[in-house]
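The chain contents come next:
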Amino acid sequence: KHLFAIYAVLMNMRTVTIISTTLPIPYAKGPCRDDHRPISNRLLTGLGYAFALGFKQFLSTPQCGDLIFSGHTTFMWIFTLHLVRHASILNSACRKSIVYLLVSIGALYIIATRNHYSVDVVLAIIMSTVVHQLFYTSLQLSYLSREHGTHWTGKLLLWIDFGGAPPST
């Protein structure tokens, strides 16, 4: 549940960045270069991208400008952070390093294939790490602090964690 709650927050943040930013297309040939149709409504197009989860086959318009920040890198990175936090098989520093190395190679491939600029990938890693850390810090505060646990954010986090009221202590 935690992984998908963090992913939902990040995809909502990504929707805002898609609507509010524009970068040139990182490749020389393709649907956004050849016979490009201009976007008539940035808000509706950004929301359409978000609800299509990045798969252009669900949209009639090619995803031109769906760059900042990389959704593929975001999912790879938060899945890795989640795996490192929760998987008991990754209890050694060597195994964690191997996982981080593989994900870093995946991020480099995203840049090398010119699907994203390096800033898209770096920003995805930064945003994913920050939201991941904020989520778990806030969740821990919800358990430790009665005051935080009664605030709406604390209640939301406890609901995500337990699917309702937390068990009585």
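Description of the structure in this document. All residue numbers refer to positions counted from 1 along the written sequence of the respective chain. Side-chain atom pairs in this predicted model are given and counted only at pLDDT of 80 or more, local residue features only at pLDDT of at least 70, and totals for whole chains, interfaces and linings cover all residues. Computation of side-chain values: all heavy atoms of the structure, hydrogens and water removed.

Judged by nonpolar contacts, the single largest core of 16 residues is most densely connected at Ile6, Leu10, Phe69, Ile78, Phe135, Tyr136 and Leu139. The helix count covers DSSP runs of H or I at least four residues long, the strand count covers runs of E at least two residues long, and both are numbered beginning at the N terminus. Among the elements of the structure, helix 1 (2–20), helix 5 (118–144) and helix 7 (152–162) are those that each provide at least two residues to this core. For this core, the leading source of residues is helix 1, giving six residues. Any two residues whose heavy atoms approach within 4.5 Å at even a single point are treated as in contact. Not counting chain neighbours up to four residues away, the residues in contact with phenylalanine 135 comprise His2, Ala5, Ile6, Leu157 and Ile160. Residues enter a nonpolar core if they are buried and are Ala, Val, Leu, Ile, Met, Phe, Trp, Tyr or Cys, with the set joined through side-chain atoms within 4.5 Å. Relative accessible area decides the class of each residue, using a 1.4 Å probe on protein chains only: under 20% of the type maximum gives buried, over 50% gives exposed, and in between gives partly exposed.

On to the packing of aromatic side chains, then. What describes a pair of aromatic rings is the distance from one ring centre to the other and the angle between the planes of the rings. Only Phe, Tyr and Trp rings are paired, with Trp represented by its six-membered ring, and only when their centres lie within 6.5 Å; those with planes under 30 degrees apart are stacked, over 60 edge-to-face, the remainder tilted. All told, the structure shown has four aromatic pairs when counted by the stated rule. Between phenylalanine 75 and phenylalanine 79, the ring centres sit 6.1 Å apart and the planes meet at 20 degrees, which makes this aromatic pair stacked. You can see phenylalanine 75 and its partner phenylalanine 79 sitting in helix 3 (residues 71–86), four residues apart, about one turn around the helix. Among the residues examined, phenylalanine 75 registers a relative accessible area of 34% and is labelled partly exposed. A relative accessible area of 39% means that phenylalanine 79 is categorised as partly exposed. Taking 5.2 Å as the distance between ring centres and 85 degrees as the angle between the ring planes, the aromatic pair formed by phenylalanine 135 and tyrosine 136 counts as edge-to-face. Look at phenylalanine 135 and you get buried, because its relative accessible area is 9%. Among the residues examined, tyrosine 136 registers a relative accessible area of 9% and is labelled buried.

The next thing to look at is the side chain of histidine 132. The topology assignment puts histidine 132 in helix 5. Residue histidine 132 is classed as buried on the basis of its relative accessible area of 3%. Excluding anything up to four places from it in sequence, histidine 132 contacts Ile6, Leu81, His82 and Arg85.

Multiplying 1.5 Å by the residue count of a helix minus one yields the expected span of that helix. With 27 residues, helix 5 extends 39 Å from end C-alpha to end C-alpha; this agrees with the ideal 39 Å at 1.5 Å per step. Among the residues of helix 5, Asp120, Val121, Ala124, Ser128, Val131, His132, Phe135, Tyr136, Leu139 and Ser142 are the ones counted as buried.

The convention used is that axes are lines fitted to C-alpha atoms, helices contributing only their stretch in contact, and that angles between N-to-C directions extend from 0 to 180 degrees. Following both chains from N to C, one finds helix 3 and helix 4 (residues 93–112) inclined at 175 degrees, their axes separated by 10 Å at the closest point. The orientation of helix 3 with respect to helix 4, classified from their angle, is roughly antiparallel. Side by side, helix 3 and helix 4 meet where His72, Thr73, Met76, Trp77, Thr80, Leu81 and Val84 of the first sit next to Lys96, Val99, Tyr100, Val103, Gly106, Ala107 and Ile110 of the second. Classification convention: Asp, Glu, Lys, Arg as charged; Ala, Val, Leu, Ile, Met, Phe, Trp, Tyr, Cys, Pro as nonpolar; all other residues, Gly among them, as polar. Of the residues assigned to the contact of helix 3 with helix 4, the class counts are nine nonpolar, four polar and one charged. Working definition: roughly parallel below 35 degrees, roughly antiparallel above 145 degrees, roughly perpendicular at 65 to 115 degrees, and oblique for all remaining angles.

Now for a nonpolar patch on the surface. What makes a patch is a set of residues exposed beyond 30% relative accessible area and free of salt bridges, joined within 9 Å when like-charged and within 5 Å when nonpolar (Val, Leu, Ile, Met, Phe, Trp, Tyr). Per-residue and other accessible areas were derived by the Shrake-Rupley procedure at a 1.4 Å probe size, with only the shown protein chains allowed to occlude residues. The working definition used for a salt bridge is a side-chain nitrogen of Lys or Arg within 4 Å of a carboxyl oxygen of Asp or Glu. Taken together, Ile98, Leu101, Leu102, Ile105 and Tyr109 make up a surface patch of nonpolar side chains, about 520 Å² in accessible area. The class for isoleucine 105 is partly exposed, based on a relative accessible area of 35%.

The analysis is restricted to geometry; functional conclusions fall outside its scope.
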